[in-house]
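Here's the letter readout for the chains.
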Amino acid sequence: MRSSSPLPRMSRRGRVTIAVLVGVFVLFTLLGWGVQAWTDWLWFDEVSYTEVFTGVLVTRLLLFLVIGLGMAVVVGGNLWLAYRLRPRLRPHSVEQATLERYRTVLTPRLGTWIALAAAVIGLFAGLSAQSRWGQWLLFRNGGDFGVKDPEFGVDIGFYVFQLPFWRYLLGVGFTAVVLALIGALAVHYLFGGVRLQGVGDRMSNAARAHLSSLVAVFVLLKALAYVLDRRAMLLEYNEGAKLYGAGYADVNALLPAKEILAYISVVVAIAIIVFSNAWMRNLVWPGISLALLGVSAVAIGGIYPWAVQTFEVKPSAKDKEAPYIQRSIDATRAAFGLGSTETTPYAASNLTPPANLATDTSVVSNVRLLDPQLVSETYTQLQQVRGFYDFGPKLDIDRYGVNGKTSDYVVGVREINYGELTDQQNTWINRHTVYTHGYGLVAAPANQVVCGGQPFFVSGFLGERTQEACSSQTEQIPAKQPRIYYGERMAADDYAIVGQSDPNKKAEFDRPVGEGGGESYTYTGEGGVKIGSFTRRLLYAIKEQESNFLLSEAVNKDSKLLYVRNPRDRVEKVAPFLTLDGDPYPAVVDGRVQWIVDGYTTAATFPYAERVNLQVETTDELTNRGTFQLARENVNYMRNSVKATVDAYDGTVTLYEYDDTDPVLKAWNKAFGGDLVKPKADIPVELNEHFRYPADMFKVQRNLLTKFHVTNPGDFYSAQDFWQVPNVPDAPDSGQKQPPYYLFTQFPGQESPRFQLTSAVTPNGRQNLAALISGSYVDGKPRLEVLELPDQTRISGPVQVHQQMTNNANIRQQLNLLSSNQAQVQYGNLLSLPFADGMLYVEPVYVKSNQQDAYPLLQKVLLSYGDGGSFVALADNINDGIKQLVEQGKKAGPGTSPPPTTGGNPTNPSPSATPTPGGTTPPPGNATPPPAGELAAAADRVQSAITEVRAAQTSGDFERYGRALKALDEALTAFQQAQQAANPGGGAPPSSSATPSAGTGG
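Residues numbered from 1 in each chain as written. Predicted model: local features only at pLDDT ≥ 70, side-chain atom pairs only at ≥ 80, totals over all residues. Heavy atoms only, no water.

**Let's talk about the overall build of the chain**
- Of the regular secondary structure elements, the chain holds 26 helices and 34 strands.
- Buried positions account for 54% of the 1002 residues belonging to the chain.
- Long-range contacts, defined here as pairs at least 24 residues apart, represent 68% of the contacts in the chain between residues at least 6 apart.
- Summing over all exposed atoms, the chain offers an accessible surface of approximately 44,300 Å²; the carbon and sulfur share of this is 55%. (Helix = DSSP H or I, 4+ residues; strand = E, 2+ residues; numbered from the N terminus. Buried < 20%, exposed > 50% of the residue type's maximum accessible area, 1.4 Å probe, protein only. Contact = heavy atoms within 4.5 Å. Areas by Shrake-Rupley, 256 points an atom, 1.4 Å probe, with all protein chains shown as cover.)

**Things to note about the sheet that holds strand β17 (residues 560-562)**
- On the basis of which strands lie adjacent, the open sheet formed by 3 strands has the order β13-β17-β16 and antiparallel pairing. If you trace the sheet from one side to the other, it starts and ends with β13 (496-498) and β16 (529-530), each paired once.
- Pairing of β16 with β17, which is carried by 2 bridges, proceeds in the antiparallel orientation. For K530, the partnering residue across the bridge sits in β17 and is K560. (Pairing = 2+ DSSP bridges.)

**Considering the pairing of strand β20 (residues 592-603)**
- Among the 12 residues of β20, 11 are classified as buried, and the element is accordingly described as predominantly covered.
- The sheet contact formed by strand β18 (residues 579-580) and β20 spans 2 bridges and is antiparallel. What sits directly across from T579, in β20, is Y600.
- Bridging between strand β19 (residues 585-589) and β20 involves 5 bridges; their strand directions are antiparallel. Each bridged residue has a counterpart across the sheet, and for P586 the counterpart in β20 is W595.
- Between β19 and β20, which pair antiparallel in sequence order, lie 2 residues; one of them, D590, sits at a positive phi of approximately 55 degrees.
- With 9 bridges connecting them, β20 and strand β23 (residues 637-647) associate as antiparallel partners. Residue pairing for β23: T602 is matched across the bridge by M638.

**Describing the pattern of salt bridges**
- Applying the stated criterion to the full structure yields 29 salt bridges.
- The closest approach of N and O atoms between E259 and R230, which form a salt bridge, is 3.7 Å. Linking E259 in helix α8 (residues 248-278) with R230 in helix α7 (residues 205-232), this pair joins segments that are 29 residues apart in sequence.
- Assessed through its relative accessible area of 18%, R230 is described here as buried.
- K860 is paired through a salt bridge with D876; the nearest N and O atoms lie 2.5 Å apart. With K860 in strand β33 (residues 857-865) and D876 in the loop between β34 (871-875) and α24 (878-892), this residue pair connects regions lying 16 residues apart in the sequence.
- A single salt-bridge network, built from bridges that share partners, covers K394, D396, D583 and R692. (Salt bridge = Lys/Arg side-chain N within 4 Å of Asp/Glu carboxyl O.)

**Regarding the environment of T745**
- The residue T745 is located in strand β26 (residues 741-745) in this model.
- Residues T745 and V367 lie 378 residues apart in sequence; the distance between their C-alpha atoms is 7.4 Å.
- Non-local contacts of T745, meaning those with residues more than four positions away in its chain, are made with S362, V363, Q750, S752, P753, R754 and Q756.

**Quick look at the side chain of D696**
- Mapped onto the secondary structure, D696 falls in helix α20 (residues 695-708).
- In terms of polar contacts, D696 uses its side chain to reach the backbone amide nitrogen of G582, at 2.7 Å.
- The residues contacting D696, other than those within four sequence positions of it, are D581, G582, Y600, T618 and L630. (Polar contact = N/O pair within 3.5 Å; in protein donor to acceptor, adjacent residues only side chain to side chain.)

**Comments concerning unusual backbone geometry**
- Located in the positive-phi region is A348, a residue other than glycine, with phi close to 50 degrees.
- Secondary-structure assignment places A348 in the loop between β3 (342-345) and α12 (375-383).
- Residue classification places A348 among the buried positions, given a relative accessible area of 3%.
- Positive phi outside glycine occurs at V564, with the angle close to 55 degrees.
- Tracing the sequence through the fold places V564 in the loop between β17 and α16 (567-574).

**Brief notes about the confidence of the model for the chain**
- Predicted confidence across the chain gives a mean pLDDT of 85, with 86% of residues reaching 70 or more.
- In this model, residues 1-5 is a region of pLDDT below 50 whose contacts with residues beyond four sequence positions or in other chains number 1 contact.
- Low pLDDT (under 50) marks residues 897-932, which in the prediction has 84 contacts with non-local residues, meaning those over four places away or in another chain. (pLDDT = per-residue confidence, 0-100.)

**A few points about the state of the cysteines**
- A complete count under the given rule lists 1 disulfide for this structure.
- A disulfide bridge connects C451 with C470, and the sulfur atoms are separated by 1.8 Å. One disulfide, between C451 and C470, carries an S-S torsion of -105 degrees and so falls in the left-handed class. Highlighted residues: C451 in the loop between β10 (449-450) and β11 (454-455) and C470 in the loop between β11 and β12 (483-484), separated in sequence by 19 residues.
- According to the relative accessible area criterion, C470 is buried, its value standing at 9%. (Disulfide = S-S within 2.5 Å.)

**Focus on the sheet that holds strand β9 (residues 441-445)**
- Spatial strand order, β5-β6-β9: 3 strands in an open sheet with antiparallel pairing. Each edge of the sheet is formed by a strand with only one pairing partner; in this case those strands are β5 (396-402) and β9. With strand direction ignored, the average angle separating the axes of adjacent strands in the sheet is 45 degrees.
- Bridge count for β5 against strand β6 (residues 405-413) is 7 bridges, and the pairing is antiparallel. The partner of G401 across the bridge, within β6, is T406. (Axes fitted to C-alpha atoms, helices over the stretch in contact; angles between N-to-C directions.)

**Brief notes about α20**
- Along its 14 residues, α20 runs 19 Å from first to last C-alpha, staying within 8% of the 20 Å computed at 1.5 Å per residue.
- Where burial is concerned, most of α20 is hidden: 13 out of the 14 residues are buried. (Expected span 1.5 Å × (residues − 1).)

Here is the structure:
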């Protein structure tokens, strides 16, 4: 009788249908891949970086083939070997009778089934391997750092270039052996080499030899893993010291344990082979050997290091971990370029505005008043002319030399915003062939306003200027080619089709002229992919899924296609190995608008260095507001090695080497032929003048310096001198960090004004000022500088200063007049400026009407000198404010600080006017030594209570607000009692500095 098959048989029609569907799927998949590869080649050919395209593609294909074939051969070979080693005679049993049905189905086409399984496994292994192209290129081309790790004396280059790929290969080996072992076991079981029932041995000699050999190979790979783990320990987190890198217990217990376990693994592998095949030929002793390896791993590699950490390190961790903390400090400072940071003590002891503040030409005259984030709306409203022009949510800061004077300018590019096209304008023809480009780089001096608070525009004009007082009558920053075909507002699908056969036919809208009119233009640049032929048009019709490439008359024989038009995307495509800064900026260089993009080389395997997440470290108030958020990439090495430029007219991408000592960049450059990145000596002088310290690099370095400015391991362990980055001054409860700001100014110790990126930091858990950190370029090299204030300083930090200035009674009244139901007050960058051994704070005040299409106008400037609340002014401009501060200083006398003005209602403070305690203002010059004891403590208590009231108001928590008001009332009562006790005779309080200033944080 014919036995029934265990598997149903498919009809011929069903097999044909499946074959057709699979064929169609494969065809369209291959077609999509082919179109993508072809168009990518054309794009790379346009920008002259085909070596990147071919280099990456060939590397990915080779890894796919080598790793995929290797995995397929190992797994498939072991499956075939297991079949070849099957026993010829199998004992009769119910188990074997059941398996016989499956053997009958599989045996006739067993080679096909094995090949199919191996191919699937190889396919997935190859797909995984091709993504490791970067590791392989660094593995092949990486060199030495010239620095050795402190434990093994191995060059850092091994960890950065070699170790990641070795660990990947080891993982591939483990995967291949495990899959081969599982597959071979299944085949042996299916064909009777391994039995669960019946008399005699449960495993044939051939199956035992095969499977035990695979287990032995796995154990040998484990021995190699222990060897690599010894090196990788220098990258792990040290829980005892709260730093990265091997600590005391790791070096003195875990490190020798790994070495012992490596030897044990080799012995166990040999024992498995010997006991399974050459001697006893059973699995008892191999099993015991594996069990001993597991016990050893737990005891030697787990329990012993834990005991050392618990009983030897923890009781005296500060001393035991000190050498390893020092290693982490040194490695982190080296890996992130902090080693050359110049730290200068700054006493900030002068609390009175000096007379020379009014005559200064290095700091005051360069104070930036325009906030790039706020005035973007102003630029858009005053300079867009047409609704489809846009400057983005944030402008940029750069410096230019005009009329022999260098100063900083707020610059923006007038771009096309396709999202603002009307329904009538937003057709395929208009979107891709008419509205193709923006026009002009618009700039205004950062320290000047005109016409009721407007920027004084000096460049990027579309036509004639009629208001002489509101803008320059000539282009002070002229661009020979002002058209913007490539810009930050371009999305991935914002391609443009340009070029005309008929020289008299100009289809592109160029710029508006007169009332409702406009000039036309035809693109003449070198950029773009030629799509004049039918083949190219068909190719891009498939790519963009748009039939108009074939049907529209707008596409002619001279047409070019401009795509990948965002400058950051272009650089990322040309140099996929770089991490790019989130804030590209435009500059006029040799008459052309160039986008400048900072590129970073990174690594995650620098021994002992702190590991940071780039997205977390670079996120602040400006993230995604005209900037790009970085990916969640964990790194422990970072260099600003590349300055890239993208021509805004023709899209030309140029990569310049900026850090000529970076081994990682040298490896990447070598991987792509050696000429991918131009040497630093080739950077044009005019372009070099526009390079600025990159924002994201500075944020990472600043955040690390909040801890790693401490270089003594004992002090680092105690963490008493750590700093923190303050929150946004005018919205501290938002949790957003204050962004660093660019200034063209001169700090103490600097010979002349510099264009530098600056940030204030406060002590950890407090809000007074701890230091100012600045980054700038000096002679083409990056320089980080820290002005560190004394630990006992009472100089206020940014949040405190803003609260003190805005809660001053006289100033609050003026601010209330500016804000109403029809307008709102907005605060610009709060600038912290060291001057004359004191601190000058400047914060521009903007007013924005609530009417439609209104834009912010600079109306006032807040200024403070000293500790933040003693000398405060609100003026129409910076010069008047400086004069007010100087006059206050003269009245107060040298070395004195007048108390803040009485104001506010303690029982009902408004959300924007936190109450100010205190009595009448004493006469100027009637200052006495600051009190100690109860009065100072009471003043601090009131200050803390005021801060809590303001925070409760902002949070909207009414229960918290009630508790805060009650605490403030109690604090005021205690302060008044302490004040009376300190001054029983009545009159003025003993010290102006004892009277708490509204808004002072803890």
